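Each chain is listed here by its residues.
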Amino acid sequence: MNYSEIIRMFSFNRFEEYKETAEWLLNQTAIRPVVAIICGSGLGGLADRLEESVTFKYEDIPRFPTSTVAGHAGKLVFGKLVGHDCVCMQGRFHLYEGYNIHMVSYPVRVFSQLGVKTLIVTNAAGGLNDRYSVGDIMIIKDHINMPGFAGQNPLCGPNDERFGVRFPCMSDAYDRELRVKLRSTAEAMGVTHFLQEGVYCMVAGPSFETIAECKLLQTLGADAVGMSTVPEVLMAHHCGLRVLGVSLITNKVITDYDSEEKANHEEVLRTTQKQTKLLQDLVCGFLSM
Ligand code: HPA
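Residues numbered from 1 in each chain as written. Predicted model: local features only at pLDDT ≥ 70, side-chain atom pairs only at ≥ 80, totals over all residues. Heavy atoms only, no water.

So, on to the packing of aromatic side chains. For the coordinates displayed, the defined rule picks out 10 aromatic pairs. Measuring from centroid to centroid gives 5.6 Å for Trp24 and Phe56, while their planes differ by 65°, and the two rings are edge-to-face. Residue Trp24 is located in helix H2 (residues 15–28), and its partner Phe56 is located in strand E2 (residues 51–57); the two are separated by 32 residues in the primary sequence. Under the relative-accessibility criterion, Trp24 is labelled partly exposed at 26%. Take Phe56: its relative accessible area is 8%, and that puts it in the buried class. Across from the ring centre of Phe163, 4.0 Å away, lies the NZ or CZ of Arg109, which sits over that ring. The ring of Phe15 carries the charged tip of Arg162 above its face, separated from the ring centre by 3.9 Å. (Phe/Tyr/Trp six-rings, centres within 6.5 Å; stacked < 30°, edge-to-face > 60°. Helix = DSSP H or I, 4+ residues; strand = E, 2+ residues; numbered from the N terminus. Buried < 20%, exposed > 50% of the residue type's maximum accessible area, 1.4 Å probe, protein only. Lys NZ or Arg CZ within 6 Å of the ring centre and 35° of its normal.)

Here the focus is the site of the ligand. In the neighbourhood of the ligand, the contacting residues comprise Ala124, Ala125, Gly126, Phe208, Glu209, Val225, Gly226, Met227, Thr250, Asn251, Val253 and Val268. Gly126 has a polar backbone atom sitting 3.3 Å from a nitrogen atom of the ligand. Going through the elements one at a time, strand E5 (118–127), strand E8 (224–226) and strand E9 (242–252) are the ones with two or more residues in the shell around the ligand. Sorting elements by how many residues they give to the shell around the ligand places E5 first, with three residues. Classifying every residue of the shell around the ligand gives seven nonpolar, four polar and one charged. (Near = heavy atom within 4 Å. Polar contact = N/O pair within 3.5 Å; in protein donor to acceptor, adjacent residues only side chain to side chain. Nonpolar A, V, L, I, M, F, W, Y, C, P; charged D, E, K, R; others polar.)

Spatial relationships are all this shows, so hold off on functional conclusions.
Next comes the structure, spelled out in structure tokens:
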């Protein structure tokens, strides 16, 4: 990392910076996406379904951060998904990689400047709700921003009204109509036995939660826990994008002191491999409805 990159890690992004990235992308492709999709761990296969696709490595995009996690490809793919012009992030940015929260959510304002109206976010999450099974798909109806309680919110800092208001409402962050539409899609596909709807709690990671932390999150009303999504959703709702959030329950969190099981990234990737096709089919079905 050079000096200017280090400075950037600790500063806020300005309207002109997002604009520079967006204009660069618009100059490289004729595709004008209306839907953006952020793919979670091991869920990037959706980007491979885009037709007439144009791909950019993150490192080639001006001002874009670059991804560092195994299972995260680090590519922005433009193309058509069931007839819709889309842009798809294959690999996202996380707090635990060392990015500041403004960089984690940087792409969302770029999407907004590209003309995107709807954001679909997917993630891998640990199941906190006892009724959930590994492999379930949870429609996110609300979130708990745990890092936010410690001052980590991408909307902190000077507010530029060209993006949105200073104090945005978040009680309607996850669009009700889109949630209903996803449920109808699952019904039409006959896969409602995998479907849940619940509250996603973001933690910073990279360590998985302790037993006491899992019990705390359950008490707080969270159904699933993960290390992403919330910064992007805060940014998206602030600038007026409609949001659909979907978690794949890749593991059950451990809440028993006698358990020999241990949370691990390999189990997360194994489950995503098994269920990634279903999740991709659901998103495609959703878009075609
Ligand atoms: N905890 C936090 N993040 C996760 C988990 C988990 O159990 N599973 C997948 N992402």
